[in-house]
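Here's the letter readout for the chains.
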Amino acid sequence: MQLRRMEYSEHSDSPKAWSVEGMVLGDINLIVGTNASGKTRTLRVINALAELVSGRRPGLADGNWNVEFSDPEISSLHYELKVQEQEVKCEVLRIGNDVLLERGE
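Small disclaimer: the values here were computed from a predicted structure and weren't measured. (Residues numbered from 1 in each chain as written. Predicted model: local features only at pLDDT ≥ 70, side-chain atom pairs only at ≥ 80, totals over all residues. Heavy atoms only, no water.)

K.L.:
How should the side chain of Glu91 be read in this particular structure?
P.N.:
One can find Glu91 in strand S5 (residues 87-95). Given a relative accessible area of 10%, Glu91 falls into the buried group. Engagement of the side chain of Glu91 in a polar contact is seen with the side chain of Tyr79, the distance being 2.4 Å. A polar contact is formed between the side chain of Glu91 and the side chain of Arg103, at a distance of 2.6 Å. If we skip the residues at most four places from it in the chain, Glu91 touches Tyr79, Glu80, Leu81, Leu101, Glu102 and Arg103. (Helix = DSSP H or I, 4+ residues; strand = E, 2+ residues; numbered from the N terminus. Buried < 20%, exposed > 50% of the residue type's maximum accessible area, 1.4 Å probe, protein only. Polar contact = N/O pair within 3.5 Å; in protein donor to acceptor, adjacent residues only side chain to side chain. Contact = heavy atoms within 4.5 Å.)

Printed below as a string of structure tokens:
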């Protein structure tokens, strides 16, 4: 399974707001940018998501993930997770058009 698309945001209503919008990933990716443009932070967000979904991360990191994975055996897998103050506010998992998981607080 490969991460194909990612959107992420944190601290949406504050001066510390930060986001990644419309990130599309391929088989091989190169992330370039000037100093302090968010390259390392973007990689840390991807790593945090991997740790969360694999169960290797104790606790929850605040943020809003909206991601899409692809797999040869599945048309597409869409996952949305919103965490505030280390509590899940929304979580949705879809495969194709089928909702497999949907929960709020």
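K.L.:
Whenever I open this one, the packing of aromatic side chains confuses me. Can you help?
P.N.:
For any pair of aromatic rings, the description consists of the separation of the ring centres together with the inter-plane angle of the planes. One pass over the full model with this rule turns up 2 aromatic pairs. Centroid distance Tyr8 to Trp65: 5.0 Å. Interplanar angle 55°. Geometry classified as tilted. Of this pair, Tyr8 sits in strand S1 (residues 2-10) while Trp65 sits in strand S3 (residues 63-71), placing them 57 residues apart in sequence. The pair formed by Tyr8 and Trp65 is uniform in burial state, with each residue classed as buried. Feature note: the residues Tyr8, Trp18 and Trp65 constitute an aromatic cluster, connected by ring pairs. (Phe/Tyr/Trp six-rings, centres within 6.5 Å; stacked < 30°, edge-to-face > 60°.)

Fair warning: the whole summary comes from geometry, so function is off the table for now.
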